[in-house]
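Residue-level listing of the chains:
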Amino acid sequence: MNLIKVKSYDELSTKAASIICAQVVSKPDSILGLATGSSPVGTYKKIVEKCAAGEVDFSRVRSVNLDEYVGLDGSHEQSYRYFMDTHLFDHINIDKKNTRVPCGIAEDLAKECADYDAYIKSIGGTDLQVLGIGVDGHIGFNEPDDHFTLATRVADLDESTIDANARFFASRDEVPKQAITMGIGAIMSAKKIVLVANGKAKKEIIEKAFTGTITPQITASILQVHPDCTVIYSEE
C-alpha cells in the first residue's frame, strides 16, 4: 500500500487525476471503476481539463460505478448516475453506452445485483478502481459488519452514512435508506485501486483503516492486502 499525504485538496485531485489518466493513456480501452461523493469531485474536474487539453482520450474506455441509491431514477439530481453525468461523463469523450451505474429503480433488485456482478466478471474486472472512504470506514456502501460481503447487493445504510449524506438533500428524511453497492469481491478484483480522502474528519479513519487491524468493522481495512493500492489524503 502506498499512502500519500498531500497539503491541499487541489494537490490530491491533481495526483489522483494523473494516475487515472496515465492508466487510460497506457491502455486506451481501460475499464475504470468510479466513485461518487465529495472527495472525487476535484479529481473528475482535473480529468475533464486534461481531456479538453487533448492529453487523454476516453473514446474506448468503459466504466462501472460503485453504487446507486435504491429508489432514485438516473434523472434524479441526487442519483449517482446524475452525479457522474454532471461531473464527468458530459464533459469528456466517453461513450455513455459504455458507462454503467446500478439501476436503483430496477423491478428485481436481486437480479440487478447479480447481473452487475456478472457483467464485471465478463469484462475481466476493472483496471483501476477509484474509491472514497466514509467516516465509519465504508467503501462503496459496504458498511461496518461482522464479515466482508463479496457480492453486489442491496445494503442498508448506517445512521452515520445517512447523516453524512443528508447535506445533499432538502431534509434527512429524504435520504434513501438503502443502496445497491458493489461488493468487496469486485472491488478487490481491480488491478489497481486509488482511494482519495479529504478533510480532518477523515484523519482518524484513515489511520485506523490503513495502519490498524484488518476487520469488517472498518471495511476499507481490507485494502491493506491489495497488491496495488494508493491512498491519497489531504487534511485540508
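Conventions adopted
- Residues numbered from 1 in each chain as written.
- Predicted model: local features only at pLDDT ≥ 70, side-chain atom pairs only at ≥ 80, totals over all residues.
- Heavy atoms only, no water.
- Helix = DSSP H or I, 4+ residues; strand = E, 2+ residues; numbered from the N terminus.
- Rg over C-alpha atoms; globule rule 2.2 N^0.38 Å.
- Buried < 20%, exposed > 50% of the residue type's maximum accessible area, 1.4 Å probe, protein only.
- Contact = heavy atoms within 4.5 Å.
- 1 Å grid on protein atoms, 1.4 Å probe; cavity = no way out; pocket = protein on both sides within 12 Å on 5 of 7 lines; lining within 4 Å.
- Points joined across faces, edges and corners; volume = space filled by probe spheres on them.
- Nonpolar A, V, L, I, M, F, W, Y, C, P; charged D, E, K, R; others polar.
- Salt bridge = Lys/Arg side-chain N within 4 Å of Asp/Glu carboxyl O.

Draft legend 1. Quick look at the overall build of the chain. Across its full length, the chain holds 7 helices and 10 strands. For 236 residues, the compact-globule formula gives about 18 Å, and the C-alpha radius of gyration of the chain, at 16 Å, lands near that figure. Principal-axis analysis of the C-alpha atoms places the extent of the chain at approximately 45 × 40 × 35 Å. Counting all 236 residues of the chain, 52% fall into the buried class. Restricting to contacts in the chain with at least 6 residues of sequence separation, those with at least 24 account for 78%.

Draft legend 2. Quick look at the side chain of Ser63. Inspection of the secondary structure puts Ser63 in strand S3 (residues 62-65). The residues touching Ser63, leaving out its near neighbours within four places in the chain, are Leu32, Leu34, Phe89, Asn98, Thr99 and Arg100.

Draft legend 3. Layout of empty space enclosed by the protein. Taken as a whole and assessed by the stated rule, the structure comprises 1 cavity of 30 Å³ or more. Reported here for the largest cavity is a volume of approximately 40 Å³. If you trace the largest cavity, you find it lined by Asn142, Glu143, Asp145, His147, Phe148, Thr149, Arg153, Ile184, Pro216 and Thr219. For the lining of the largest cavity, the per-class residue count stands at 3 nonpolar, 4 polar and 3 charged.

Draft legend 4. Examining the pattern of salt bridges more closely. Enumeration over the complete set of coordinates arrives at 14 salt bridges. In this structure, Lys5 engages Glu235 in a salt bridge whose closest nitrogen and oxygen atoms are separated by 2.9 Å. Here Glu235 lies in the segment after strand S10 (229-234) and Lys5 lies in strand S1 (residues 2-6), a separation of 230 residues in the sequence. Residues joined in a network through salt bridges with shared partners are Arg81, Asp85, Asp90 and Lys96.

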